[in-house]
Amino acid sequence: MPQEHRSTTPDPFDWIDERHERRRRAGLLRSLRPRPADSSLLDLAGNDYLGLTRHPEVVAAARDAVRRWGAGATGSRLVTGTTELHTELEAELADFCGFEAALVFSSGYAANLAAVTALTDRGTQVVSDAANHASLIDGCRLSRATTVVVPHAAPDAVRKTLDDFDGRALVVTDAVFSVDGDAAPLGELATVCRERGAALLVDEAHSLGVLGDGGRGALHAAGLAGSPGAVATVTLSKALGAQGGAVLGPARVIGHLVNTARTFVFDTGLAPAATGAALAALRLLRGEAARAARVRAVARELHARLTAAGLEAAPPDAAVVSVRAPSPQAAVRWAADCRDAGVAVGCFRPPSVPDGVSRLRLTARADLTDDQLDTAVAVVTRTAPHASRPGDASAPPPPEGPRRGR
Ligand SMILES: Cc1ncc(COP(=O)(O)O)c(C=O)c1O
């Protein structure tokens, strides 16, 4: 129990209550909801794209790793936190995705911070897509480089920005954008980078296991994996069903990260259970190429049926189907109604959505059955707020506010 302190001096955290109240009034309050282990909800909210997080081989690998190596990594990767599971995972990830080398981090977030900060300095220009994930944005902020945010998926804007700058440059983009699920124009970006001598950093968080031959990722699909100027980051927490992240690229880039990336050097290594689980999931992915094709097919089917029912959603390039809601409040109510009807969906509101438009975010999974797909479509359409349907005078809804959180 916290002690009670009475004082006449001003409370230094009063401002938090004011911010809280402002957020509450705007319908932007967030809260935590513990997920029961035996939940009967149909999960279209998580990122377990391939249905591997409870796969018996993945779970057994995590259990074996704990028994063999203990619950924690015990230290940073450079001290005691590297096990043979880490080095095996690095070698197999690099080989699978078509890169020379890989380095495992404690999260995809840490991998992105590492890649952006280690590949830049004060004199570097970073060109960053306006819809990039928060971890890339934070990497840009930490880097002390000059960051130019360019409009979303606009290679011409990237070209123009690079033309106006005469030094070392890094172009940074998500491969698949987490909110709308659209894919970056990687071929065009790579051409611009090659012509201007810039490096290209691509976050494959939502494309590993989903895009490319057998799920080898978007750079692999574009014939760019392993090219000298390209670096990828991945998370082990989505399609691979575990936890952690990695940077993949030329061996000299990885060696540089080992020596300089602060989120590698000063962070405890990824726990053995997560490392073993990710390795087992990667091996399953390698052995069952159909999983990646199946998740893409499920996403296309979900989109086709929701839009046929009158909802507004952009065609998915990967596993994410994003459905527009008329307001943050309506999105929250819609997600709650879905949950009450047995389907868990994601709900994105400002400031997580840079354009201010709230959405339901549905994730396809390779292991969804046809019956589950029927249920998902029926529930999401039945509970839709009236203004989400085309034909209604208020659709499509206007953006709710200015861009924030960039
Ligand atoms: C595009 C993108 N990059 C990076 C991350 C961070 O990965 P992790 O959850 O492993 O830290 C996420 C996670 O939500 C993401 O969506």
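Everything quoted here is computed from the prediction, not taken from an experiment.

**Re the site of the ligand**
Here is step 1: By nearness alone, 14 residues border the ligand, and Ser107, Gly108, Tyr109, Ala205 and Thr235 come closest of all.
Here is step 2: Broken down by element, the residue count for the shell around the ligand peaks at 3 residues, all from helix H4 (residues 108–118).
Here is step 3: Here the shell around the ligand is composed, by residue class, of 2 nonpolar, 10 polar and 2 charged.

**Focus: the domain arrangement of the protein chain**
Where the parts come together, the accessible area they lose is often given as the size of the interface.
Here is step 1: What the domain assignment reports for the protein chain is domain 1 (56–287) and domain 2 (289–388).
Here is step 2: When each unit is reduced to the centre of its C-alpha atoms, the spacing between domain 1 and domain 2 is 27 Å.
Here is step 3: If you look at the interface, domain 1 gives 17 residues, while domain 2 gives 18 residues.
Here is step 4: Residues belonging to the side of domain 1 that touches domain 2 are distributed by class as follows: 8 nonpolar, 7 polar and 2 charged.

**Some remarks on helix H14 (residues 370–382)**
Here is step 1: Here H14 is 13 residues long and its end C-alpha atoms lie 18 Å apart, about the 18 Å a rise of 1.5 Å per residue gives.
Here is step 2: Considered for burial, the residues of H14 that qualify are Ala376, Val377, Val379 and Val380.
Here is step 3: Contacts from the buried residues of H14 go to strand S1 (42–44), helix H12 (290–308), helix H13 (328–340), strand S10 (343–348) and strand S11 (359–363).

**What about the environment of arginine 22?**
Here is step 1: Mapping arginine 22 onto the fold places it in helix H1 (residues 14–25).
Here is step 2: By the C-beta count within 10 Å, which is 11 here, arginine 22 ends up exposed.
Here is step 3: Each C-alpha atom, one on arginine 22 and one on threonine 235, is 34 Å from the other, the two residues being 213 residues apart in sequence.

**Quick word on the environment of leucine 189**
Here is step 1: Of note, leucine 189 is situated in helix H7 (residues 186–196).
Here is step 2: Spatially, the C-alpha atoms of leucine 189 and threonine 173 are 9.2 Å apart, while their sequence positions differ by 16 residues.
Here is step 3: Ignoring any residue separated from it by four or fewer positions in sequence, one finds leucine 189 in contact with Pro155, Val158, Val171, Thr173, Ala184 and Leu200.

**Observations regarding the pairing of strand S8 (residues 245–249)**
Here is step 1: Along S8, 5 of the 5 residues are buried, which leaves the element largely enclosed by surrounding structure.
Here is step 2: The alternating pattern of S8 places Gly245, Val247 and Gly249 and Ala246 and Leu248 on opposite faces, both of which are buried.
Here is step 3: One ladder, built from 5 bridges, connects strand S2 (residues 101–105) with S8; its direction is antiparallel. The residue bridging leucine 103 from the neighbouring strand is valine 247, located in S8.
Here is step 4: By the bridge criterion, 4 bridges tie strand S7 (residues 230–235) to S8 in an arrangement that is antiparallel.

**Regarding helix H5 (residues 134–143)**
Here is step 1: Along H5, the residues classified as buried are Ser135, Leu136, Ile137, Gly139, Cys140 and Ser143.
Here is step 2: On its buried side, H5 packs onto H4, strand S3 (125–129), strand S4 (146–150), strand S5 (169–174) and strand S6 (199–203).
Here is step 3: One or two residues past the end of H5 sits arginine 144, with phi positive at roughly 70 degrees.

**Things to note about the sheet that holds strand S9 (residues 320–324)**
Here is step 1: Pairing within the open sheet is mixed, and its 4 strands lie in the order S1-S10-S11-S9. Two strands bound the open sheet, and with one partner strand each, they are S1 and S9. On average, each strand axis in the sheet is inclined to that of its neighbour by 30 degrees, with strand direction left out of account.
Here is step 2: Each of S9 and S11 touches H12; the most contacted strand, S9, lies at about 20 degrees to it.

**Let's talk about the sheet that holds S2**
Here is step 1: In space, the 7 strands of this open sheet follow the order S2-S8-S7-S6-S5-S3-S4, with mixed pairing throughout. The outermost strands of the open sheet, each flanked by one partner alone, are S2 and S4. The mean angle between the axes of side-by-side strands here comes to 20 degrees, regardless of whether they run parallel or antiparallel.
Here is step 2: The sheet strands contacting helix H6 (residues 155–163) are S3, S4 and S5, and the helix crosses S4 at an angle near 150 degrees.
Here is step 3: Sheet strands in contact with helix H9 (residues 251–260) are S2, S7 and S8, and its direction is about 30 degrees off that of S2.

What counts and what doesn't
Residues numbered from 1 in each chain as written. Predicted model: local features only at pLDDT ≥ 70, side-chain atom pairs only at ≥ 80, totals over all residues. Near = placed C-beta within 6 Å. Helix = DSSP H or I, 4+ residues; strand = E, 2+ residues; numbered from the N terminus. Nonpolar A, V, L, I, M, F, W, Y, C, P; charged D, E, K, R; others polar. Domains from an automatic or database assignment. Contact = placed C-beta atoms within 7 Å. Expected span 1.5 Å × (residues − 1). Buried ≥ 20, exposed ≤ 12 C-beta atoms within 10 Å, placed from the backbone. Pairing = 2+ DSSP bridges. Axes fitted to C-alpha atoms, helices over the stretch in contact; angles between N-to-C directions.

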